[in-house]
Every structure is written in structure tokens, then in C-alpha cells.
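Next come the chains, spelled out residue by residue.
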Amino acid sequence: MKSQFPQYYRVSRQDLLDNFDDCYFLFDACVLLDIFRLKEELVDKIFNVIDHYKGKIRIPYHAASEYFKNINVVLEQQVSKINESRKSFDAFSKTFQAQRNYPYISDEASKLLARLEKQIDKDFKNQMQYLNTQLVYGEHQNKLSSMLDGNVLAPFTNDEITNIEKEGELRYQKQIPPGWKDAPKDDNRYGDLINWKEILRFAKESGKSIIFVSNDVKDDWVTKVMGKKLGVLPQLLEEFYQYVGNPNQYFHVYTLDRFLAFINEHDRNIVSEETVKDVQVSMENSFTPKTVFEITQFVNERFKVPEYILKLKKLSETYKQLASLNGSQWYEELMLNELGKAENKNEASELSSTANNDMTKKKQESGISNKGYEELKAPFQKAEANKDSTDKDKI
């Protein structure tokens, strides 16, 4: 059945490891750009991987063009995120410095906040210095360009691009992947399709399996069932196998963190499990339920603050910004390991669901005015608004 219906065969990691020497790695623009969203230490480690396997790495011409077009935009966005996050955290911190308003805040919590503030300030300064250096001197951009010199695929001619865009208009109307999810876009509307055509051409010319490294894993690239990514869409695989004419020549898509995990499994000397984990943490979009309960329990029991400070979504958004900028688990470990983990998840859930009923009472007991209440909520609301706006700008 595999030879007749290769598009339905689930390519495993072991399949790819067994064919490692017969694989090329093609990098999308979004992955190259996302590397520069990480802290400098992780960038250097990923560059080591790229340098080691540069003979197997290729960049579609269109992807390379989009990378150069947007790299400074991404760096500027990161500077803006840091500035806005600093403002949000500074406002959050100042609310607790007025001891007369919050006499119930423990010394332990105040000391924790001071330590957190000191570490965050250090991390922000380091990352800001790195970003400004890249904007002014472009050291890492130059290094990446040098490592991958000669590794960019040949471009299509203008006539070929015109024909691809005409084909894309028909494909998008029928929701034929890839790229139809970008149909509403004005800029780079057919970018995914152009990349796909470059991938097909290179795969046929090289006769090698292709691992496409991309963080753009929308529904027009991968199959998703119950929120889980099961692999490349059968429609794409069918087109791939028909084009290359070899059912044993694989096409697979990895996000950056999954690609690094794949490399780690092949050769642990090239990239460590710790680096893979750090990149995974940096790329995470949300907490695990366990972490949400642990932080809720911790804040409830240790800080003893009113419910409006415990609005979990707002608190988690601020925490998430700080954690992603730091690029490691430092904040999570400080919160959970040093100050204890939640032992009773049911109790934590109950506390979270019933706290709203207790809000008015706690507010009256604390003697905080309506104005003070609104001021306390402001940092969280601002952080949430900033996140929404920056997410819309994300490439």
C-alpha cells in the first residue's frame, strides 16, 4: 500500500534518521527571523548547528529575499517589546512598593520581587545591548550570510513567478495547499506557494529527501487533529511524490525546536538537550495547565493579594512576555522551585473559581480605593494590549 498511497504514510523520526545522509534541510524565512528573536547565547548555539551542517542546508531564494527584507523589522520589534515589557513590569513592581497600601504582602514575597526585578533588569539590558549591536553592525546577519554563502537556490524568472501567481489564484480559490491561508494578505500573498515550487524543483533535481524547517505550521501545511500536528498534509505529499516520482524520497516539516531535537538525536555532540529545551521554552505560546495551577496556588497562598491581582490571564501574559524575552526557565524555576509547588490542583482550581466572590470583601478589608484598584489592574491590561498588537505584527 505504501508504494501506491505514499501520501498517507506517516514518516517517523526514525525514517528520517535512517535516511539522514540522503536529506537536505531547507530553511524558511520565518525560522531565520525567529532565530534573531532569541537571546544571544541561543543564537550562537543554533549557528553552530547551521555551520556544522551547512553542506546539507539550502535556502529557497524567495525565503532568503523575505529574510533580508524583514530582519531589521524583527530586530526593531524586539527592542519595542523589551521597552514595553520593562514599563509593564516597572508599573507592576511599583504597585507593591507602597507598603502602606499592602501591609499584608509578606517580607518573603517582597524579597522575591526584588530579586526578580534585579534579574529581569539584567536580562533586559543584555538583550537590548545585543539587539542594538545587531541593528547597527549586523554581526550575526553577516555571519549567517557567510555561513550560507552559495546555499541559496536559484530564483525563478519573472515569467515563472507570474505563472505561479496565476496558478496560485486558482489553487487558493479551491483551498489547495500550501499558502491559501495567506489569501487575504496584500503582501507576499503567494510566498508559500513560490517556496513550495522551489522545494519541488530542488527535490527532483537533487533526488534527496527534504526536511523543510519552518515555524509557519498553519492548516495549509500540516494535518491537525484535536489540536495535535500529525504531519504534512496528504495533498502536499501527493503532489510531492507525483513530482519527484519516488515514493521513498521523503518530505517532512519540522519547526525549529523539533529540528534541533532531531539533530540532537542524530548527534548529541552538535546540540545539547538543554539547548533544545531552552529553544522550546522560548517558542512556547502558553503555560501547561500544571504551571497555571502552580502559579495560581503560589500567588494565592504566598502573596495573599486580592483577586483582581490574580486575574490569571493578565498575570500569565505578563509572565509569558518576561519568560520569552529571557529565553530560559529561570523565572519559572524561581517561582516554583524556591517558593514551592502546588500540592492540591483541585484546591487551586477551586480557589481560582471562587475568588471572584471574595474580591469585594478583600478590597474592603485592604482599604484600597476604586482608583487604586484600577491603577493596579492597569499594568496587566497594558501588557495584554501590547501582546495583542505585537502578535499582529509578527511575521
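Along each chain, the written sequence defines residue order, and numbers are assigned to residues from 1. Local features are withheld for residues below a pLDDT of 70 in this predicted model, meaning they are given only at 70 or higher, and side-chain atom pairs are given and counted only at 80 or more; totals for whole chains, interfaces and linings count all residues. Hydrogens and water molecules were not included; the side-chain quantities draw on all heavy atoms of the structure.

With that settled, consider the packing of aromatic side chains. Note on ring pairs: Phe, Tyr and Trp rings are taken, using the six-membered ring of Trp, and paired if centres are within 6.5 Å. Classes follow the plane angle, with under 30 degrees stacked, over 60 edge-to-face and the rest tilted. Across all of its chains, the model carries 17 aromatic pairs by this definition. Ring-pair connections join several aromatic residues into one group, and the members of that group are Phe20, Phe25, Phe27, Tyr53, Tyr254, Phe259 and Phe262. One cation-aromatic arrangement involves Lys56 over Phe25; the distance from NZ or CZ to the ring centre is 5.3 Å. The ring of Tyr243 carries Lys204 above its face, with NZ or CZ at 5.1 Å from the centroid. By definition, being over a ring means that NZ of Lys or CZ of Arg is both within 6 Å of the ring centre and within 35 degrees of the ring normal.

The next thing to look at is the nonpolar core. By nonpolar core is meant a set of buried Ala, Val, Leu, Ile, Met, Phe, Trp, Tyr and Cys residues that side-chain atoms within 4.5 Å join together. Each residue is placed in one exposure class: buried if its accessible area under a 1.4 Å probe, protein chains only, is under 20% of its type's maximum, exposed if it is over 50%, and partly exposed if it falls in between. Judged by nonpolar contacts, the single largest core of 86 residues is most densely connected at Phe25, Phe27, Ile50, Phe251, Phe259, Phe262 and Ile263. If you tally residues by element for this core, the top one is helix α4 (residues 61-97), at nine residues. Pairs of residues are marked as contacts when any of their non-hydrogen atoms sit within 4.5 Å. When neighbours within four sequence positions are excluded, Phe262 is seen to be in contact with Arg13, Leu16, Leu17, Phe20, Phe25, Ile211 and Tyr254. To qualify as a helix, a DSSP run of H or I must reach at least 4 residues; to qualify as a strand, a run of E must reach at least 2; elements of each kind are numbered from the N terminus.

Turning our attention to the environment of Leu38. As for its placement among the helices and strands, Leu38 is situated in the loop between α2 (29-35) and α3 (40-52). Of the residues examined, Leu38 reaches a relative accessible area of 7% and is grouped as buried. In this structure, the C-alpha to C-alpha distance between Leu38 and Val279, residues 241 residues apart in sequence, is 7.9 Å. For Leu38, the residues in contact, after removing those within four places along its chain, are Val43, Ile46, Gln127, Tyr130, Val279 and Ser282.

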